[in-house]
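So the chains spell out like this:
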Amino acid sequence: MDKIISHLQNSKSILVVSHANPDGDAIGSLIAMGLALKAISKKTTLYNESPIPAVYRFLPAVNSVVREVGNQTFDTAVILDCGALDRIGEAVSMVRRIPVIINIDHHVTNAGFGDLQLIDTSACATAEIVYRLIKQLSVSIDENIAASIYTGILTDTGSFRFSNTNKAAFAICEEMVTLGVDPYKIAQRVYGTYSLGRIKLLNLALDSIEISYNGRLSIMTLSQDMLNKTRTQPEDVDGLINYARRIEDVKVAALIQEHQNGDGTSETCGNYHVSLRSDGTIDVAEIASSFGGGGHSSAAGFNIESTLPDLKLKIFNLAERL
Ligand code: AMP
Ligand code: MN
Ligand code: MN
């Protein structure tokens with residue numbers, strides 16, 4: 001931590017990045033970190049490859065997050081909430097050329113990329129680690145930073161319900177409320193409203209659920225066609241897997257999501273993202289790692305090229321071990 005603090009204090013131009021297809025922690029950490037670095041007068045650029053999901057657009061300074069960095073140069077890159085550097089997306093080759101890469105994360109599968117690391121797998125969210133870093137930088141947490149940290153913790157703990165919910169989640173969020181966060185307002189923004197398309201997508205998602213012969217594994221499948229039909233975006237898929245996870249006796253749920261370039265036919269080879277969730281008794285990070293992905297013990301994911309029937313077979317085969 002001390003090395004990172006002194007390095008940041010000595011940096012001139014800092015690029016802050018979080019993972020593509022960002023969740024609330026990726027956005028919340030990014031903005032909190034950016035505002036804190038601005039508070040100590042650092043030239044800071046915030047980058048994310050994907051558009052900011054609609055539910056997080058209420059956060060302060062979201063408009064300063066860029067999707068292109070042009071030909072700016074940076075002496076330091078701060079990578080947030082990424083188990084592996086390639087999670088940032090296309091910018092990875094540009095970022096690799098930045099002299100110092102700082103890796104701040106809480107994924108168990110983080111192998112420690114970069115030059116300086118602040119990895120705490122017991123942290124409920126990257127926002128928890130960013131909170132500690134901001135304290136160490138002696139930046140006073142204003143309402144904007146507080147809202148960003150609160151949102152990161154709220155969403156990554158599934159509203160204080162997931163197994164990563166720890167004492168710090170409550171302690172930090174209480175402090176953020178003292179600093180001006182309105183929990184009801186943020187909950188309304190993040191969870192309160194669904195577009196009609198998202199409700200229709202939920203219907204298709206629920207209808208797609210299949211269960212393994214022993215009832216311990218569920219698969220939900222979302223095609224690009226379903227997203228097109230309901231006029232929804234990849235961000236609208238966030239959280240749907242929890243329905244497949246909640247089914248009685250299910251230990252592991254998988255959500256198969258066809259990538260944007262997919263053609264929707266099941267016979268041809270396509271690119272898929274698979275999200276995995278467990279009831280806490282199975283380490284899905286290990287399963288995801290065996291497919292080249294990663295994550296946390298009860299929430300993980302991987303990308304794969306396959307035909308849909310082959311992929312389902314591979315996943316259903318996992319049920320034997322459950
Ligand atoms: P997801 O369900 O895809 O949102 O991912 C659940 C968790 O697994 C998140 O913490 C992700 O950071 C992680 N994860 C998802 N996909 C990958 C991947 N391809 N490689 C490494 N980690 C991943
Ligand atoms: Mn994340
Ligand atoms: Mn996270």
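In this text, all values refer to a predicted model and were calculated from it rather than measured experimentally.

Cut-offs used in this document
- Residues numbered from 1 in each chain as written.
- Chains lettered and ligands numbered in written order.
- Predicted model: local features only at pLDDT ≥ 70, side-chain atom pairs only at ≥ 80, totals over all residues.
- Heavy atoms only, no water.
- Donors = N, O, S within 2.8 Å, 3.2 Å for Na, K, Ca; no water.
- Buried < 20%, exposed > 50% of the residue type's maximum accessible area, 1.4 Å probe, protein only.
- Helix = DSSP H or I, 4+ residues; strand = E, 2+ residues; numbered from the N terminus.
- Pairing = 2+ DSSP bridges.
- 1 Å grid on protein atoms, 1.4 Å probe; cavity = no way out; pocket = protein on both sides within 12 Å on 5 of 7 lines; lining within 4 Å.
- Points joined across faces, edges and corners; volume = space filled by probe spheres on them.
- Nonpolar A, V, L, I, M, F, W, Y, C, P; charged D, E, K, R; others polar.

## Things to note about the coordination of the manganese ion (ligand 2)
Perfect tetrahedral coordination of a metal by four donors corresponds to 109.5 degrees between them, and perfect octahedral coordination by six donors corresponds to 90 or 180 degrees.
Step number 1: Those donors, His19 (NE2), Asp23 (OD), Asp23 (OD) and Asp81 (OD), are the protein atoms that reach the manganese ion (ligand 2), and they lie 2.1 to 2.8 Å from it.
Step number 2: Taken in sequence order, the residues that donate to the manganese ion (ligand 2) follow the motif H-x3-D-x57-D.
Step number 3: Assessed through its relative accessible area of 4%, His19 is described here as buried.

## So, the pairing of strand 6 (residues 116-119)
Step number 1: Burial along strand 6 is one-sided: Leu116 and Leu118 are buried, and none of Gln117 and Ile119, which face the opposite way, are.
Step number 2: Sheet analysis places strand 5 (residues 100-105) next to strand 6, joined by 4 bridges and oriented parallel. Residue pairing across strands places Asn103 opposite Gln117, the latter belonging to strand 6.

## Here's the deal with the layout of surface pockets
Step number 1: Considered as a void within the structure, the second largest pocket measures approximately 240 Å³ in volume.
Step number 2: In this structure, the second largest pocket is lined by Phe58, Pro60, Glu143, Asn144, Ala147, Gly180, Val181, Asp182, Lys185, Ile186 and Arg189.
Step number 3: Sorting the residues of the lining of the second largest pocket by element identifies helix 5 (143-156) and helix 7 (183-192) as the ones contributing at least two each.
Step number 4: Of the residues assigned to the lining of the second largest pocket, the class counts are 5 nonpolar, 2 polar and 4 charged.

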